Structures are given as structure tokens and as C-alpha cells.
Amino acid sequence: MLAIRDVDRVRTLTLARPDALNAFNEALYDAVTIALRDAAADPSVAVVVLTGAGRAFSAGTDLLEMGQRVTDPDFVPGEHGFLGLIDALAAFDKPLLLAINGLGLGIGMTIIGYADLVFMADDARLKCPFTSLGVAPEAASSYLIPRLVGRQNAAWALLSSEWISAREAHEMGLVWRLCAPGDLQETAHSHAARLARLPISSLRAVKRTMTEPLAQQIAEARERENQCFADLMGGPANSEALAAFAEGRRPDFTTLPDGA
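Along each chain, residue indices are assigned from 1 in the same order as the chain's sequence is written. Restriction of local features to residues with pLDDT of at least 70 applies here, the model being predicted, together with a cutoff of 80 or more for giving and counting side-chain atom pairs; totals for whole chains, interfaces and linings are based on all residues. Neither water nor hydrogens contribute to the side-chain values; these are computed over all heavy atoms in the structure.

A. Representation of the overall build of the protein within the structure. Across its full length, the protein carries 11 helices and 10 strands. We compute the radius of gyration from the C-alpha atoms alone; for a globule the expected value is 2.2 Å times N to the 0.38, where N is the number of residues. Computed over the C-alpha atoms, the radius of gyration of the protein is 18 Å, within 12% of the 18 Å expected from 2.2 N^0.38 for a compact globule of 260 residues. When the backbone C-alpha atoms are referred to their principal axes, the protein occupies close to 60 × 40 × 35 Å. Any residue under 20% of the maximum accessible area for its type is buried, any over 50% is exposed, and the rest in between are partly exposed; the area is computed with a 1.4 Å probe on protein chains only. Taking all 260 residues of the protein together, the buried fraction comes to 50%. Throughout, a contact is declared for two residues whenever any of their heavy atoms are within 4.5 Å. Within the protein, counting contacts between residues at least 6 apart in sequence, those at least 24 apart form 73% of the total. For every accessible area listed, the method is Shrake-Rupley and the probe measures 1.4 Å; residues are considered covered only by the protein chains on display. Summed over all atoms, the accessible surface of the protein reaches about 12,600 Å², with 53% contributed by carbon and sulfur. Think of it this way: any DSSP run of H or I at least four residues long counts as a helix, any run of E at least two long counts as a strand, and we number them from the N terminus.

This is how it looks when you write it as C-alpha cells:
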């Protein structure tokens, strides 16, 4: 589910649910949360690289499990879950690099807001699917994505639920480097290794001075988003979206009650 490898003070975390396009179920949320906390506390780790196995980086939250969560009163969530992962990302105080090897949806895109450097295969794609799922933004993306790409690019990404190509992501400023698919891992890891040769204390100090001024705004954005998400989850639009996914059809939002 999560593969962990250490080389030259670089810890690589590989999402390894390829048959599910590395979608995050509760177990994977917990595993990555724990791995980030462990990496932060480990004095032998200077840099973390997060990537995916197979043809996807991450397809976001596992929608089949989300459907179970909405409909099953006995559903048992993970110890940390989605919110725990975002807590761990916000608190992570060492360089975090992403190697986006394939499609990234939902948290597979919004995680970019917490990364320090993002490398992306030139055939990969990104999407914020929130409106197509009848829910709200997540992970402070309503604050972090506009900071990265500007208001109008962010508005289109968050409102439209349309795919963003690697070229568009690079032009917007969502990602730092585009790579041929076969060169992605080597390029990301060579940059990670260069950082890892530097003193961890200095790497932490640089990251702290860059991220600490944003902490309050991130917390406030998360609170707004979480409330909107809770209000919408299980509502008419979200229920239609999840039913359509389970039935393998396109959702039809045109028949919903006014305002839904």
C-alpha cells in the first residue's frame, strides 16, 4: 500500500495501490500520515519524495469507500484519515518533493500546495473534481492554489472539474519541472539528493521561514472548507455523484432541487 525506501538521506514514499490508481482509502491516509511523521522525526532523513506506482500518482479519495462512509452507519474511519494527513503535511518541516508520474485528482492535486518542489511527467494530468462530486474544496486548496497560480487559473481549476495538462500546470506555476516519463524519478531524486547533502538544520530553517507566515491562513481556509464539505457530503448533488460513479454513468445534476 505504501512503499518506503531510504537512499542518501532521501526517503521515498511510493503510493502503491496501482489497481485502484493509488486512490486514498482510510488505510492509505493513515500510512502516509505515519510515514511523514516518522520522516520528520528521523535525524537520518533530510528530504522526502512522494510518488506513485503504476500509471497514476493518485486518483484522490477512494470514492467507493466514500460511498460506504455516507451510507453505512457502521463505517469505521481510520485513526488519522484525510484530516490527519493534511495535519501532517502542514506540520512537515523538511523539504517535500513530489514526482507526479501520472494522473492526479483531488488530494493527488491539492497536495501540491504543501510541496516545496514538484516534478511532473509530461504526459500526466491533474484535476480538482470537487464540483463534479457535489462537494467543496479541500486541504486549504481554496487558499493555496490561488497563491500558486493566480485567482483566475485557480477559479477555473476549482470550479470547472476539468483536466489540466502537464504543460498547462507548468505554465500556471503548479509544477516546477516537466520531465519525460522515463526521466521523472531520476530527475526528482537527483534534486532531492542535492538538497539532502545540505545541513538539515538549515533546510528546516528555510522551510520554516517560508511556511510559518501562512499557517494561520491555511488553518482558516481548512476550517471553511471542512464546514462546506460537511454540509454538502451526503446531500443531493454528492449522492447523485457517488451513485453515478458506482453505476458507471455520468451524474445528472440538472434534476436536483433548486439550489442543490
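B. Spatial organisation of the pattern of salt bridges. Any carboxyl oxygen of Asp or Glu that lies within 4 Å of a side-chain nitrogen of Lys or Arg is treated as forming a salt bridge with it. Tallied over the entire structure, the rule returns 10 salt bridges. For D6, the salt bridge goes to R11, with nearest N and O atoms at 2.7 Å. A single network of salt bridges, built from pairs that share partners, joins D6, R11 and D42.

C. Expanded view of the packing of helix α5 (residues 141–149) against helix α10 (residues 215–232). Fitting a line to C-alpha atoms yields each axis, with helices limited to the stretch in contact; the angle taken between N-to-C directions then spans 0 to 180 degrees. As a packed pair, α5 and α10 sit with axes 8 Å apart at the nearest point and diverge in direction by 130°. What the angle tells us is that α5 and α10 run oblique. Taking contact as the criterion, the partners of S141, S142, Y143 and L144 in α5 are, on α10, Q217, I218, A221 and E225. Here is the rule for angles: anything less than 35 degrees is roughly parallel, anything more than 145 is roughly antiparallel, 65 through 115 is roughly perpendicular, and the remaining ranges are oblique.

D. Representation of the sheet that holds strand β8 (residues 125–127). Taking strand neighbours across the sheet as the criterion, the four strands line up as β4-β6-β8-β9 in an open arrangement whose pairing is mixed. Where the open sheet ends on each side, the last strands, each with one partner, are β4 (56–58) and β9 (164–165). Should DSSP find at least two bridges between two strands, the strands are regarded as paired. Looking at chain direction, strand β6 (residues 103–105) and β8 are connected through two bridges and run parallel. Its bridge partner lying in β8, L105 is registered against K127.

E. Fine view of the side chain of N22. Following the sequence through the fold, N22 ends up in the loop between β2 (10–15) and α1 (26–41). Here the side chain of N22 touches A56 through a polar contact of 2.8 Å, landing on its backbone oxygen. Two N or O atoms count as a polar contact when they lie within 3.5 Å, although within protein this holds only if one can serve as hydrogen donor and the other as acceptor, and sequence-adjacent residues are included solely when both atoms are side-chain atoms.

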